[in-house]
Structures are given as C-alpha cells and as structure tokens.
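Now for the letters of each chain:
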Amino acid sequence: LKVCALHFTETARARIIKAGGECMTFDQLALSAPTGEGVVLLRGPKNSREAVKHFGAAGVPDSHAKPYVRSKGRKFEKARGRRASRGYKR
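Now for a quick tour of the structure. (Residues numbered from 1 in each chain as written. Predicted model: local features only at pLDDT ≥ 70, side-chain atom pairs only at ≥ 80, totals over all residues. Heavy atoms only, no water.)

Re unusual backbone geometry
The backbone of Asp62 sits at a positive phi, close to 65°, despite the residue not being glycine. As for its position among the elements, Asp62 is in the segment after α2 (26-32). Positive phi values are uncommon outside glycine, yet Glu77 reaches one of about 55°. Residue position: Glu77 is located in the segment after α2. For Glu77, a relative accessible area of 41% gives the class partly exposed. (Helix = DSSP H or I, 4+ residues; strand = E, 2+ residues; numbered from the N terminus. Buried < 20%, exposed > 50% of the residue type's maximum accessible area, 1.4 Å probe, protein only.)

Here's the deal with the pattern of salt bridges
Applying the stated criterion across every chain yields a total of three salt bridges. As a salt-bridge pair, Lys66 and Glu50 come within 3.1 Å of each other at their nearest N and O atoms. Placement of the pair is Lys66 in the segment after α2 and Glu50 in the segment after α2, with a sequence separation of 16 residues. The class for Lys66 is partly exposed, based on a relative accessible area of 37%. Take Glu50: its relative accessible area is 39%, and that puts it in the partly exposed class. Residue Arg82 is joined to Glu77 by a salt bridge in which the shortest nitrogen-to-oxygen separation is 3.5 Å. Look at Arg82 and you get partly exposed, because its relative accessible area is 34%. In the salt-bridge network here, residues are joined through shared partners; they are Glu50, Lys53 and Lys66. (Salt bridge = Lys/Arg side-chain N within 4 Å of Asp/Glu carboxyl O.)

Right, here's the structure in full:
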C-alpha cells in the first residue's frame, strides 16, 4: 500500500513500512500517477472537532449544543431550568 501525506509521524511511517507499504510525498505521487488514476483520496472526520460540539445555541430546549462552562461541577449550569427538582424544567 502506498500512502501519500504532507507529514508522517515516525511511528506511522514505521508501521506502514513494516506492513510492506511505502510512504510518499505529493510531488512523488504526482510523478507516479500524474492523471490520478488508481488514487483514492481520504480525509479524516471533520465533524469530530471539539469546537463542533459547541455549535448551536446552548440552553435552548432540544438543542444539544455543549455550553462553554468553567467546570462540570454541581454549581455550574446544573440547577434552575435544567431539572424539575430545582424549581422548573425548561
């Protein structure tokens, strides 16, 4: 398996070579497959970033946006409006 990337960590490079693969840069890829035939482009999951969890309005009913809070303790966004036992539940 030939793997092309902008950068390889040492462990990633070692694992690819140990499995009988080859690590190459994009200029080497352009020389070996100039038309891109037989090349598969892969990209990591773009919605797994921590920032994506905060998108939307936190505190709105049925919104699952993660609020920016200082701590996850008892006193931080856990009381009124969050649960019926503490006054009311939105």
